[in-house]
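Spelled out, the chains give:
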Amino acid sequence: EAEKKRKEAEKKRKEAEKKKAAKENQFWSKLRKADLEYYLTVAMLPTKGTMFAQQTALYAHIRKNKVSAFRAADWNRLCLHVGLAASLSAENSFRRVLKAMKKPKP
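Residues numbered from 1 in each chain as written. Predicted model: local features only at pLDDT ≥ 70, side-chain atom pairs only at ≥ 80, totals over all residues. Heavy atoms only, no water.

**Some details on helix α4 (residues 51-65)**
For the record, the criterion: The helix and strand labels rest on DSSP assignments: H or I over at least four residues marks a helix, E over at least two residues marks a strand, and numbering proceeds from the N terminus. To estimate the expected span of a helix, subtract one from its residue number and multiply by 1.5 Å. Think of it in three bands: with a 1.4 Å probe and only protein chains considered, a residue is buried below 20% of the maximum accessible area for its type, exposed above 50%, and partly exposed in between. Summarising the geometry, the arc corresponds to the directions from the helix axis toward the C-beta atoms. Contacts are residue-level and defined by heavy atoms, with any inter-residue pair within 4.5 Å sufficient.
The end-to-end C-alpha distance of α4 is 21 Å, a good match for the 21 Å that 15 residues give at a rise of 1.5 Å each. Among the residues of α4, Gln 54, Gln 55, Leu 58, Tyr 59, His 61 and Ile 62 are the ones counted as buried. Projection of α4 onto a plane perpendicular to its axis shows the buried side chains occupying an angular sector of 165°, all on one side. On its buried face, α4 sits against α2 (26-30), α3 (33-42), α5 (72-81) and α6 (90-100). Just past α4, the residue Lys 66 takes up positive phi, approximately 50°.

**With respect to the side chain of Gln 54**
Convention followed: Polar contacts, as used here, are pairs of N or O atoms within 3.5 Å; protein pairs need one atom able to donate a hydrogen and one able to accept it. Residues neighboring in sequence count only if both atoms are side-chain atoms.
Within the secondary structure, Gln 54 sits in helix α4. Exposure remark for Gln 54: the relative accessible area of 1% places this residue in the buried category. Within the structure, the side chain of Gln 54 is placed 3.1 Å from the side chain of Lys 33, a separation counted as a polar contact.

**Digging into the pattern of salt bridges**
Just so we agree on the cut-off: The term salt bridge refers to a pairing of a side-chain nitrogen on Lys or Arg with a carboxyl oxygen on Asp or Glu at a separation within 4 Å.
Taken as a whole and assessed by the stated rule, the structure comprises 7 salt bridges. Residue Glu 10 pairs with Arg 13 through a salt bridge whose shortest N-O separation is 2.7 Å. In this pair, Glu 10 and Arg 13 are both assigned in helix α1 (residues 2-24), 3 residues apart and thus about one turn of the helix distant. Taking the relative accessible area as the measure of exposure, Glu 10 reaches 31% and is therefore partly exposed. Since its relative accessible area comes to 39%, Arg 13 is described here as partly exposed. Bridged by salt links that share partners, the residues Glu 10, Arg 13 and Glu 17 form one connected network.

Next comes the structure, spelled out in structure tokens:
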């Protein structure tokens, strides 16, 4: 009986971890490979490597260059790609993206 309860608790914990990981990677799961490569090209970064490597490169670029990472039109486009409301200012779009964007997990 105790063994059964322990297994059930373990199962629930694993499900909770999966949900948390999915939520954390939501930003990246909405960004298709083609979109990702577009932003890497705009940022003049290499588009080679795995999806994770590309995500990490884009994440680092945005973190480092802040709003100037892209033009306003590209910030709005990125917002729309990941299901965020676009804004009139690049600053606002950038803030929305940054809030939604989590460090990519392999």
